[in-house]
Amino acid sequence: MPCALTQSYTLDCKDSVGGLKAVYFAPYEDLATVTIAAGVVTTLTMDATKVFYKYDLVKESSNFAEAVNTNVQNGTIFYAQTLEIILNKLQVNTRNEIVLLGKNRLAVIATDNNGENWFLGVGNGLDLTGGGSASGTAFGDRSGYTLTFTGNEKELCPKVTAVIPIT
């Protein structure tokens, strides 16, 4: 059978936590080389002078998810990826960068709170598809941005062990 299973799954230690620490954005077209072996990005290079830009995230505010989409009759499967991030404080420089994020197809690396990096949009890129800004009402309300990025991929996002070229 060409899709034979290769391993079992056993319960592991309870040492994993949720949430994201940071995300890295780059225009998808700036990727030069991405080598993936057994679900792990081992090589990641960018076109000359191009880099990923790091966005630090407020703790317990951001996440990514992957939904399995299968059509048994058509023999198809794909994974819908969604990244939701919160950026606090309404600021002109942040507003201007969000406009640019919305104009690009993006390569995104998400660093989770377990210290692992995951490459979202590795095959097709992610797009800014939702979100908005709000001033809040009460002093304790968020004044800032909520952004949603989505994309569809042939496989689940790979882990990144390669060095991430950043500014």
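Presented here is a report on the structure given in the accompanying data block. (Residues numbered from 1 in each chain as written. Predicted model: local features only at pLDDT ≥ 70, side-chain atom pairs only at ≥ 80, totals over all residues. Heavy atoms only, no water.)

**Some points on the pattern of salt bridges**
Rule in force here: Salt bridge, as used here, is a side-chain nitrogen of Lys or Arg placed within 4 Å of a carboxyl oxygen of Asp or Glu. What counts as a helix is a DSSP run of H or I of at least four residues, what counts as a strand is a run of E of at least two, and both are numbered from the N terminus.
According to the stated counting rule, one finds three salt bridges in the structure shown. Among the ionic pairs, K54 bridges to D56, the shortest N-O distance being 3.5 Å. The salt bridge involving E116 is made with K159; its shortest N-O contact spans 3.0 Å. You can see E116 sitting in the loop between β7 (106–112) and β8 (117–120) and its partner K159 sitting in strand β11 (residues 159–160), a full 43 residues away along the chain.

**Things to note about the sheet that holds strand β6 (residues 76–88)**
Note on sheets: strands pair through backbone hydrogen bonds, and any given pair is parallel or antiparallel. The line we're drawing: Here a strand pair is declared whenever DSSP counts at least two bridges between the two strands. A fitted line through C-alpha atoms represents every axis, and for helices the fit uses only the stretch in contact; the resulting angles, taken between N-to-C directions, go from 0 to 180 degrees. Throughout, a contact is declared for two residues whenever any of their heavy atoms are within 4.5 Å.
Here four strands make up an open sheet; going across it, the order is β5-β6-β10-β9 and the pairing antiparallel. Among the strands making up the open sheet, the edge pair consists of β5 (63–71) and β9 (127–134). Each adjacent strand pair in this sheet contributes to an overall mean axis angle of 15 degrees, direction not counted. As judged from the nine bridges shared by β5 and β6, these two strands associate in the antiparallel manner. What sits directly across from N63, in β6, is E84. Packing of helix α1 (residues 92–103) onto the sheet brings it into contact with β6, β9 and β10 (144–153), and relative to β10 it is tilted by some 15 degrees.

**What about the environment of L44?**
Its location among the elements puts L44 in strand β3 (residues 40–46). Placed 71 residues apart in sequence, L44 and G115 show a C-alpha to C-alpha distance of 18 Å. Discounting chain neighbours no more than four positions away, the residues touching L44 are L31, T33, V34, F52, I109, F119, A162, V163, I164 and P165.

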